[in-house]
Amino acid sequence: MENWEYNELIEAVQEVYGELLDEDRGHRYAIARLSEEFDRMGKMEDVIVDAVIGEIAIKNEAVFVGIIAGITKR
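Model, not experiment: these values are computed from the prediction. Throughout this document, residue positions are counted from 1 along each chain, in the order its sequence is written. Thresholds applied to this predicted model are a pLDDT of at least 70 for local features of residues and 80 or more for the giving and counting of side-chain atom pairs; totals over whole chains, interfaces and linings are not thresholded and use all residues. As a rule here, side-chain values cover all heavy atoms of the structure and leave hydrogens and water aside.

1. Points about the confidence of the model for the chain
As a per-residue quantity, pLDDT reports the predictor's confidence and falls between 0 and 100. When pLDDT is averaged across the chain, the result is 83; 78% of the residues are at 70 or more. Helix and strand definitions follow DSSP, with helices as H or I runs of at least four residues and strands as E runs of at least two, each counted in order from the N terminus. For the chain, the element scoring lowest by mean pLDDT is helix α4 (residues 65-73), at 63; helix α1 (residues 6-21) scores highest, at 93.

Rendered as structure tokens:
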């Protein structure tokens, strides 16, 4: 597990999100992949990642319900 600075982790999630959007597979796909790629990093890291994904998700009208349920559960 890598040690992340708060802002560094946020920027990494946002950067990967942008890269995934560049694949032209849509927001739902990008958010689902983010949740897989940044899963189980550590308790605090998971909370930060969930907050960033949640912020991205509320800006889009269609999001996979399973991702939101996972964020809520954690």
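2. Some remarks on helix α3 (residues 43-58)
Look at α3: 22 Å from first C-alpha to last across 16 residues, which is about the 22 Å you get at 1.5 Å a residue. Type-normalised accessible area, obtained with a 1.4 Å probe on protein chains alone, sets the label of each residue: buried when under 20%, exposed when over 50%, and partly exposed for intermediate values. Of the residues making up α3, those classed as buried are E45, D46, I48, V49, D50, V52, I53, G54, I56 and A57. In a helix, the anticipated span is given by 1.5 Å times the number of residues less one.

3. Thoughts on the pattern of salt bridges
Opposite charge on two side chains allows them to pair when their charged atoms are near. A carboxyl oxygen of Asp or Glu within 4 Å of a side-chain nitrogen of Lys or Arg is what we treat as a salt bridge. Within the structure shown, the criterion is met by two salt bridges. Across the pair R33 and E37 runs a salt bridge whose closest N-O atoms are separated by 2.5 Å. Note that R33 and E37 are positioned in helix α2 (residues 27-37) at a spacing of four residues, about one turn of the helix. Put simply, R40 and D39 hold a salt bridge, and the shortest N to O gap is 3.5 Å.

4. Focus: the packing of α1 against α2
Working note: a packed helix pair is described by the angle between its axes plus the distance between those axes. For helices, the fitted line uses only the C-alpha atoms of the stretch in contact; every axis is such a line through C-alpha atoms, and the angle between N-to-C directions lies from 0 to 180 degrees. Two elements in contact, α1 and α2, have axes separated by 9 Å at closest approach and are oriented at 140°. In terms of orientation, α1 and α2 fall into the oblique class. The interaxial crossing formed by α1 with α2 has right-handed handedness. Residues V13, V16, Y17, L20 and L21 of α1 touch α2, and the partners they reach there are H27, Y29, A30, I31, R33, L34 and E37. Any residue outside Ala, Val, Leu, Ile, Met, Phe, Trp, Tyr, Cys, Pro, Asp, Glu, Lys and Arg is labelled polar, Gly included; the first ten of those are nonpolar and the last four are charged. Tallied by class, residues from the contact of α1 with α2 come to nine nonpolar, one polar and two charged. In this scheme, roughly parallel covers angles under 35 degrees and roughly antiparallel covers those over 145, while 65 to 115 is roughly perpendicular and the rest are oblique. Each crossing gets its hand from how the near helix is turned against the far one by less than a right angle, where anticlockwise is left-handed and clockwise is right-handed. Residue contacts follow a heavy-atom distance rule, with two residues in contact if any of their heavy atoms lie within 4.5 Å.

5. Here's the deal with the packing of aromatic side chains
Geometry of aromatic contacts follows a simple scheme: Phe, Tyr and Trp rings, the Trp one being its six-membered ring, pair when their centres are within 6.5 Å, and the pair is stacked under 30 degrees between planes, edge-to-face over 60, tilted otherwise. Scanning the model with the defined rule gives zero aromatic pairs in all. Ring-over charges, as used throughout, are those where CZ of Arg or NZ of Lys falls within 6 Å of the ring centre and within 35 degrees of the ring normal. Between R25 and the ring centre of Y29, over which it is positioned, the NZ or CZ distance is 4.2 Å.

6. Comments concerning the nonpolar core
Only buried Ala, Val, Leu, Ile, Met, Phe, Trp, Tyr and Cys residues count toward a nonpolar core, and they belong to the same one when joined by side-chain atoms within 4.5 Å. Counting 18 residues, the largest nonpolar core has L9, V13, L34, F38 and V49 as its most contacted members. Those elements that place two or more of their residues in this core are α1, α2 and α3. Broken down by element, the residue count for this core peaks at seven residues, all from α1. Excluding residues that lie within four positions of it along the chain, F38 makes contacts with L9, A12, V13, V16, D46 and V49.

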